[in-house]
Amino acid sequence: LAKWEFMLEPGDRKDIIITVPYGTYLLIILVIGIPAYIIFYVTRRKVVLVKRVVDVTKDRDGIRGIKVILHLKNKGNRRIEKIRIIDYLPKLVSSPSQFGSMKPTKVQKGMDGRVRMVWDFDRLGRSEERILSYVAKSNLSIIGKFLLPEAVIEYQFGKKIYHVKSNPLTLLTKPTEKEKRS
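Residues numbered from 1 in each chain as written. Predicted model: local features only at pLDDT ≥ 70, side-chain atom pairs only at ≥ 80, totals over all residues. Heavy atoms only, no water.

Draft legend 1. Inspection of the overall build of the chain at higher detail. Along the chain, the regular secondary structure elements total 2 helices and 11 strands. Radius of gyration (C-alpha) of the chain: 29 Å, far over the 16 Å computed for a compact globule of 182 residues. For the chain, the residues scored as buried account for 27% of the 182 residues in total. Considering only residue pairs separated by 6 or more positions, the chain has 67% of its internal contacts joining residues 24 or more positions apart. Only carbon and sulfur atoms are counted for the fraction: they give 56% of the accessible area of the chain, which is about 13200 Å². Charged side chains in the chain number 36 positive and 18 negative. The centres of these two groups are separated by 9 Å. (Helix = DSSP H or I, 4+ residues; strand = E, 2+ residues; numbered from the N terminus. Rg over C-alpha atoms; globule rule 2.2 N^0.38 Å. Buried < 20%, exposed > 50% of the residue type's maximum accessible area, 1.4 Å probe, protein only. Contact = heavy atoms within 4.5 Å. Areas by Shrake-Rupley, 256 points an atom, 1.4 Å probe, with all protein chains shown as cover. Lys, Arg positive; Asp, Glu negative; His and termini not counted. Charge placed at Lys NZ, Arg CZ, Asp CG, Glu CD.)

Quick look at the structure:
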């Protein structure tokens with residue numbers, strides 16, 4: 001802490017010049033900043049899969065259909081290979097018949113009644129994105145809570161295989177005014 005004491009008369013002037021050693025502060029910033037950036041870069045997720053519902057078809061009883069989008073993005077600096085995206089639909093939903101620009105490689109109905117859709121890609125370049133979409137219709141009108149499980153992407157980077165999950169989705173329907181009164 002520096003302290004100066006002096007008297008100034010009207011019209012007098014006193015200049016104070018302070019020299020700060022920026023090198024020390026710059027060194028501290030570099031010592032903290034560079035490792036923080038490296039840790040961020042190494043630990044960030046290279047591949048992201050986001051699942052969204054963009055349209056809901058309703059009738060007077062509840063949800064009859066939904067349009068789902070899977071947004072895949074390679075945020076890494078290298079391409080990834082042998083990509084497989086797997087998405088499941090719950091028991092109440094029939095196999096989708098409408099797909100976006102790319103149809104799944106496989107659509108299977110399991111013994112438990114769930115529908116499994118699989119998309120396969122050879123590779124995804126750096127900073128490349130893919131958007132997959134489908135329309136699923138329900139066999140019955142759904143009232144209340146409707147859960148869509150998370151989608152999974154499996155890909156190879158070098159000789160190692162990675163798995164990344166998307167977000168699960170929950171749709172809620174409110175009863176109509178007519179249903180509330182009865």
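This is not the end of the story, as more comes after the structure.
Draft legend 2. Structural context of a nonpolar patch on the surface. Taken together, the side chains of Trp4, Phe6, Leu8, Ile16, Ile18, Val20, Tyr22, Tyr25, Leu27, Ile28, Val31 and Ile32 make up a nonpolar region of the molecular surface, amounting to roughly 1300 Å² of accessible area. Note that Val31 resides in helix H1 (residues 22–43). Residue Val31 is classed as exposed on the basis of its relative accessible area, which comes to 51%. (Patch = residues over 30% accessible without salt bridge, like charges linked within 9 Å, V, L, I, M, F, W, Y side chains within 5 Å. Salt bridge = Lys/Arg side-chain N within 4 Å of Asp/Glu carboxyl O.)

Draft legend 3. Here's a closer look at the layout of surface pockets. The computed volume of the largest pocket comes to approximately 280 Å³. Lining the largest pocket are 15 residues, and of these Lys46, Gly76, Tyr155, Phe157 and Tyr162 lie nearest its centre. Here the element with the most residues in the lining of the largest pocket is strand E10 (residues 160–165); it accounts for 3 residues. (1 Å grid on protein atoms, 1.4 Å probe; cavity = no way out; pocket = protein on both sides within 12 Å on 5 of 7 lines; lining within 4 Å. Points joined across faces, edges and corners; volume = space filled by probe spheres on them.)

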